[in-house]
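Residue strings, one per chain:
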Amino acid sequence: MSEYVHLATMTDLPQQGGRLVVVDEQWIGLFKTDDGIFAIDAMCPHAGANLAKGNVCDGVVACPVHLWRFRLSDGKYLDADAERFNVKTYAVRIEDDDIFVELPAQPGSIRLI
């Protein structure tokens, strides 16, 4: 059964862009945009780069290595019609300054990088 887990606070995120959270061994990128807070798998499916370090513009993050682009709202890979490269997205809930992300289970460790 999934549950919402506290991963960060709003002040942990940059004004625009992303921050990496390692949940057990899973990389999750938290992104603050004008449209809200988004959580996606932060490991690029192409070369394994950290998407949280990518440039964000108009709700899209570009991989910092080869510039592959992913839409933050649904994880869709935007450079070709190739579903296999879409990244997973996570539901986000904000309570006051706290950011909660829906995960399949309570993790053993959470590291804000």
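Definitions and limits used
Residues numbered from 1 in each chain as written. Predicted model: local features only at pLDDT ≥ 70, side-chain atom pairs only at ≥ 80, totals over all residues. Heavy atoms only, no water. Pairing = 2+ DSSP bridges. Helix = DSSP H or I, 4+ residues; strand = E, 2+ residues; numbered from the N terminus. Core = buried A, V, L, I, M, F, W, Y, C linked by side-chain atoms within 4.5 Å. Buried < 20%, exposed > 50% of the residue type's maximum accessible area, 1.4 Å probe, protein only. Contact = heavy atoms within 4.5 Å. Salt bridge = Lys/Arg side-chain N within 4 Å of Asp/Glu carboxyl O.

Caption draft 1: Representation of the sheet that holds strand 4 (residues 36–41). Taken in spatial order, the 5 strands line up as 8-4-3-2-11 in an open sheet, and their pairing is antiparallel. Where the open sheet ends on each side, the last strands, each with one partner, are strand 8 (89–90) and strand 11 (110–112). Direction of pairing for strand 4 relative to strand 8: antiparallel, over a ladder of 2 bridges. Residue A39 lies in a different strand from strand 8, and its bridge partner there is Y90.

Caption draft 2: Representation of the nonpolar core in the model. Counting residues in hydrophobic clusters, the biggest one holds 19 residues, and the most contacted among them are I40, L51 and F70. Put simply, the parts of the chain that give this core at least two residues each are strand 2 (17–23) and strand 4. Among residues more than four places away in sequence, those in contact with I40 are W27, I28, G29, F31, L51, V61, L72, V87, K88, T89 and Y90. Judged by nonpolar contacts, the second largest core, of 14 residues, contains L30, I37, A39 and Y90.

Caption draft 3: Quick peek at the pattern of salt bridges. Applying the stated criterion to the full structure yields 3 salt bridges. Between D74 and R71 there is a salt bridge, and its shortest N-O distance comes to 2.8 Å.

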